[in-house]
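# Fold and contact review
So you can see what is in the structure, the chains are spelled out below.
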Amino acid sequence: MKKKIALFAMMLACGFAANAQETKATATVQEVTANRTAADDLKSLDKLIKLDENQKSGLLGLFEYKHSELANTNLSQERKNILAQAIETKMRATLTSDQNAKLDKNPKLVSLITR
């Protein structure tokens, strides 16, 4: 009887370990995708506006957050619009007035980066 209980406990432990590993792998794929698209957004912005290293690191984190939130398929269009507005506000707060002026001349890029 003790052997059966021990065998059952081992089976449960292995099952939980396998499920935990599968979930972690899925999250990693989403993180890699978010990081890649965030880096693309940062490159697009850096082509138009020359960013310093502090701005790049701050904006990269902001864009990673944006893409990880957009990966959530349960967001309504209203929530996506609120997220885009928040991203644009935080992005503009990070940039200098000269950089914001250059950004104002290219609203298509702003829309692409924030949405």
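For clarity, every value in this text was computed on a predicted model and none was experimentally measured. (Residues numbered from 1 in each chain as written. Predicted model: local features only at pLDDT ≥ 70, side-chain atom pairs only at ≥ 80, totals over all residues. Heavy atoms only, no water.)

Listing the buried residues of helix α5 (residues 107-114) in full gives Leu109, Val110, Ile113 and Thr114. Taken around the axis of α5, the buried residues stretch over an arc of 120°, which confines them to a single face. Opposite the packed face of α5, turned more than 90 degrees from it, sit the exposed residues Pro107, Lys108 and Leu112. (Buried < 20%, exposed > 50% of the residue type's maximum accessible area, 1.4 Å probe, protein only. Helix = DSSP H or I, 4+ residues; strand = E, 2+ residues; numbered from the N terminus. Arc of directions from axis to C-beta.)

Turning to the side chain of Asp41, a few remarks are in order. With respect to the helices and strands, Asp41 occurs in helix α1 (residues 2-48). Within the local environment of Asp41, its side chain forms a polar contact with the side chain of Lys66, the two groups lying 2.8 Å apart. Setting aside residues up to four positions removed in sequence, Asp41 forms contacts with Phe63, Lys66, His67 and Ile113. (Polar contact = N/O pair within 3.5 Å; in protein donor to acceptor, adjacent residues only side chain to side chain. Contact = heavy atoms within 4.5 Å.)

A few words on the pattern of salt bridges. Taken as a whole and assessed by the stated rule, the structure comprises five salt bridges. One salt bridge connects Lys66 with Asp41, and the closest N-O pair in it is separated by 2.8 Å. On the criterion of sequence distance, the pair formed by Lys66 in helix α2 (residues 53-70) and Asp41 in helix α1 is long-range, its members being 25 residues apart. Both residues of the pair, Lys66 and Asp41, belong to the buried class. Sharing partners across several salt bridges, the network here consists of Asp46, Glu53 and Lys56. (Salt bridge = Lys/Arg side-chain N within 4 Å of Asp/Glu carboxyl O.)

The tendency in soluble globular proteins is for nonpolar side chains to be buried side by side. Core analysis: the largest hydrophobic core is formed by 16 residues, its most contacted members being Leu45, Leu51, Leu59, Phe63, Met91, Leu95 and Leu103. Other than its neighbours up to four places away in sequence, Met91 contacts Leu45, Leu59, Leu62, Phe63, Leu103, Ile113 and Thr114. (Core = buried A, V, L, I, M, F, W, Y, C linked by side-chain atoms within 4.5 Å.)

Time to look at the side chain of Asn100. In this structure, Asn100 sits in helix α4 (residues 97-104). Setting aside anything within four residues of it in sequence, one finds Asn100 in contact with Arg92 and Leu95.

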